[in-house]
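What follows is each chain in one-letter form.
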Amino acid sequence: MAIEAIKEVQTMQELASKYEIHPTQIAAWKRKFLEKAELVFSKEAPATLNEAKNTKEKELYSKIGELQVQVDLKKRSLGNDRPMRCHGETRTCFPW
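One numbering rule holds for all chains: residues counted from 1, following each sequence as written. At least 70 in pLDDT is required for a residue's local features to be given in this predicted model, at least 80 for side-chain atom pairs to be given and counted, and no such filter applies to totals for whole chains, interfaces and linings, which use all residues. By convention in this description, side-chain values take in all heavy atoms of the structure and omit both hydrogens and water.

### Overview of the overall build of the chain
From N to C terminus, the chain includes 4 helices and 2 strands. Under the scheme used here, helices are H or I runs from DSSP no shorter than 4 residues and strands are E runs no shorter than 2 residues, and both carry numbers assigned from the N terminus. Counted from the first residue to the last, the chain has its helices and strands arranged as α-α-α-α-β-β. The cut-offs for exposure are 20% and 50% of the maximum accessible area for each residue type, with area from a 1.4 Å probe on protein chains only; residues under the lower value are buried, those over the upper are exposed, and the others partly exposed. Looking at the chain as a whole, 7% of its 96 residues qualify as buried. Summarising the internal contacts of the chain: among those between residues at least 6 apart in sequence, 20% fall at separations of at least 24. Whether two residues touch is decided by their heavy atoms; if any such pair falls within 4.5 Å, the residues are in contact.

Rendered as structure tokens:
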């Protein structure tokens, strides 16, 4: 979509109608694409992208760990240290 916006064959409003997205979002994607376009031809691009990916991955795993600790603490505070079994389509769960 950003490439279509760059080509300017259709107006932002036409693209917005075509893809059912607000024109401001298309303009933002176009601007971001043009800002980062030089990375396509840069030798540093893969390293930079890998570093960004690894950083984001570490952040997400850290968040998962935090959330798991919170869940465990909630279970203990409710006295549900034991595993839960769920039955039926409504997924009614009981400690067993």
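Having put the structure on the table, let's press on.
### Remarks on unusual backbone geometry
Despite not being glycine, Glu-8 shows a phi value in the positive range, around 55 degrees. Structurally, the position occupied by Glu-8 is in the loop between α1 (2-7) and α2 (12-19). For Glu-8, a relative accessible area of 56% corresponds to the exposed category. Phi at Glu-20 takes a positive value of approximately 55 degrees, unusual for a residue other than glycine. With respect to the element layout, Glu-20 can be found in the loop between α2 and α3 (23-36).

From the geometry alone we can't say anything about function, so treat these as descriptive.
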